[in-house]
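Notes for the structure review
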Amino acid sequence: MRWLWMKEKESYILKVLVHPVDSFWEMKFQRKSKRWIPPLLVFIFFLVTIFERQFRAFLFNDSYNSPLDLMYQIRIVILPIVLFCVSNWAVTTLMDGKGTMQDIFMVVAYSLVPLIIFKVIGALISGAMSLNEDLYLYLIDGCGVLWFAIILISGIMTIHQYSFKKLAGTLLLTIAAAAIVIFVVLLFFNLFSEIIGFVYSIYRELTLRI
Amino acid sequence: MAVMVGAVSAAPYKSYIYVKKNSGITDVAAPTAYLPVKVYDENNLGVKLSAPEDICLDSEGNFYILDSETGYIHSFSPEWEKRYSLFGYLESGNLNPTDLKKPQGICVWNNVLYVAETEGNQIVKYDINTKEVIGFIKQPESDLLGDGFEFRPKKIEVDSTGRIFVVAENVNQGLMELTQEGAFVGFIGSNSVVASPFEVIFRYFLTEEQIENRVAFVPVEYTNISLDPSGFIYAVTAVSEVNTPIRKLNPSGVDILVRNPVNGMETVAGDIVGKNSLDFEPSSFVDIAANDMGIYFALDKKRGRIFAYDEDGNMLFEFGGNNTNQTGTFILPSAICIVENRIYVLDRDRKCIVAFEPTEYGQKIMDATRSYIEGNYEKSLVQWEELLKKNCNFDLAYVKSGFCLYRMGEYKKAMQYFELANARKYYSKAFVKYRKEWLSDNFTWLILSLVAAIILLVVVVSLVRRWAARRKKFVFAAER
């Protein structure tokens, strides 16, 4: 899995695909990760989702011909990643997880690699497919998601040193925590906008009276 | 043309068409397809109409208008000159004729005029040449009809073989089929009852008494029927709970109406936007008329609108309105009939017959549909493309243009049209053809480039390996 232009630490981008547990172990405990790789992977994934949205064939693309909204794209791609990292960290620090926030982000970023690969393949071959052959395309999409899930789960297990049972529990709690985070954020925004509105109305009242 | 534009702006109603958008099906404004050209009432007909209820044509194109209040049937020539009036019948021993009691439906078959006399519980037959009553069809006898059955015929149609179809009041098993002699054959096209899941669960918790007090689940009655030129029965229901208010019945009574419009709605029900909101009132159809192209016009009592659909269930256009005093709107529309390109609509409250004629836009839709059915795809394509210049929101025009191009073998262009209409199913079909064509055109190059790619790959890999091996040796040497 180590290609010529890759030095040892970069080669984990591909090694992770076949040996996720070993790779994450080495990256975490033998410090074989590079700090700039996870953000780069997330950025590449972001670009790939845009690429898929823009270049997946008309037949298999619901957002075909509709204008690209970058903020929306960030909302559905970057935000879930951040949310997962934060809420998973919040849960696992309380439950004896060995992973730091950086480790969690690393796992998430590296597990995006199969998604990146399969999304690009799917977008490229979708142009040669009719609706009758949609099964193959969904197969490719499904493979990407499955592989992503396997790497993510084994990675999270490795960095936190969890059993599968504990992992399942923490993942459920992560979802709950994410829901709470969303709720709190919305509540905060709502209250904040009301405070702003209140201050603004006082300001208006004052300027009108004085 | 200038006159036309003036006429369009004079339309007392706004037309719309359904369009598929990313957010769902919405309605957008469309050009007016039909305009009122003439109103026939007592001023120019020469007879007093008190409640025109039904209209029909004989084989020579003469009109028959049924006045349900007076029981008169007025006959007019194709140019709307008065011919004669029929009324009542002589009962034995009586010198004065008995009036028809609230007749509601008429039809002509084989020079015989059938009148469905609702209150008189019978069907009266007139000979339209001798103007004599030639027979009655009284209450039919059958075990199917039950004991307390009262024959109250409302609408009537006779097909080419002489089978009589009757819509009768208080009959919810479908249409009554009678023979020429008046014998009851059976019910056809009966409505099925569909209870909503919510209702089923709700009923589970109710007591017997509560269930009895709720609105009974009975199949709805048909409001009206009409025969199309090929002998199929179009039937409409006015009740709102029905998902399929418009039906096309084959001779054995099965609903064969195609509900497969290009925008994927799968409904043919008049007004549908806002269907899921609580205060939405669905269209309530009172009559329907179909032409030889399979285009049918359904008359909606609720909003006085006429909806035109093609044989696949695509809405072609909509026109008409209600409750204004302008010509072309109705208060109580009761019947519709098509004569060539003219549409006549009866208004019972206004006591008039309004004639509509297609605008340039409406005529083009008809022409384009006709040339497509006739297989004249080049001509049809030009017509549909012209329609797109007048109404760029007309999904059907894109799809039909695509169909024409597909039939002409121009798959690439067809794909573009299907893409514009967001018609993936058809796009996929054209794409398969196009891909096949492309593959067979470029097969040699494809294979050659594939072989070239493989050779290139092998060469590159071996070069890289050699280079790597040399580098390794070099590194080893350096380490030593």
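Model, not experiment: these values are computed from the prediction.

What counts, and where the lines are drawn
- Residues numbered from 1 in each chain as written.
- Chains lettered and ligands numbered in written order.
- Predicted model: local features only at pLDDT ≥ 70, side-chain atom pairs only at ≥ 80, totals over all residues.
- Heavy atoms only, no water.
- Helix = DSSP H or I, 4+ residues; strand = E, 2+ residues; numbered from the N terminus.
- Rg over C-alpha atoms; globule rule 2.2 N^0.38 Å.
- Buried < 20%, exposed > 50% of the residue type's maximum accessible area, 1.4 Å probe, protein only.
- Contact = heavy atoms within 4.5 Å.
- Areas by Shrake-Rupley, 256 points an atom, 1.4 Å probe, with all protein chains shown as cover.
- Core = buried A, V, L, I, M, F, W, Y, C linked by side-chain atoms within 4.5 Å.
- Pairing = 2+ DSSP bridges.
- Axes fitted to C-alpha atoms, helices over the stretch in contact; angles between N-to-C directions.

What follows covers the overall build of chain B. When its secondary structure is counted, chain B shows 10 helices and 27 strands. A compact globule built from 480 residues should have a C-alpha radius of gyration of about 23 Å, whereas chain B, at 31 Å, is more than 25% larger. Here chain B holds 480 residues, and the buried ones make up 49% of them. Taking as baseline every contact in chain B between residues at least 6 positions apart, the subset at least 24 positions apart corresponds to 47%. In the structure as shown, chain B presents an accessible area of about 24300 Å², 53% of it carried by carbon and sulfur atoms.

Residue and element names in this part refer to chain B. Phi angles above zero are rare outside glycine, and Lys102 is one such case at about 45 degrees. Within the fold, Lys102 resides in the loop between β7 (82-87) and β8 (103-109). Of note in the backbone geometry, Glu340 takes a positive phi value of approximately 50 degrees without being a glycine. Looking at the secondary structure, you find Glu340 in the loop between β25 (333-339) and β26 (342-347).

Before going further, it helps to examine the nonpolar core. Membership of the largest hydrophobic core comes to 63 residues, with the highest contact counts inside it found for Phe297 and Phe317 of chain B. When neighbours within four sequence positions are excluded, Phe297 of chain B is seen to be in contact with Tyr34, Asp287, Ile288, Ala289, Ile306, Phe307, Ala308, Phe317, Ile336, Ile338, Ile343 and Met366 of chain B. Core analysis: the second largest hydrophobic core is formed by 33 residues, Phe46, Val48, Val77 and Leu115 of chain A among them.

All names here are of chain B. Strand order in this open sheet of three strands is β16-β17-β18, and the pairing throughout is antiparallel. Two strands in the sheet have a free side with no partner beyond their single neighbour: β16 (224-227) and β18 (246-249). In this sheet, neighbouring strand axes are inclined to one another by 20 degrees on average, regardless of whether the strands run parallel or antiparallel. In terms of strand pairing, β16 meets strand β17 (residues 233-236) through four bridges, oriented antiparallel. Each residue of the ladder has a partner; that of Ile225, found in β17, is Ala235.

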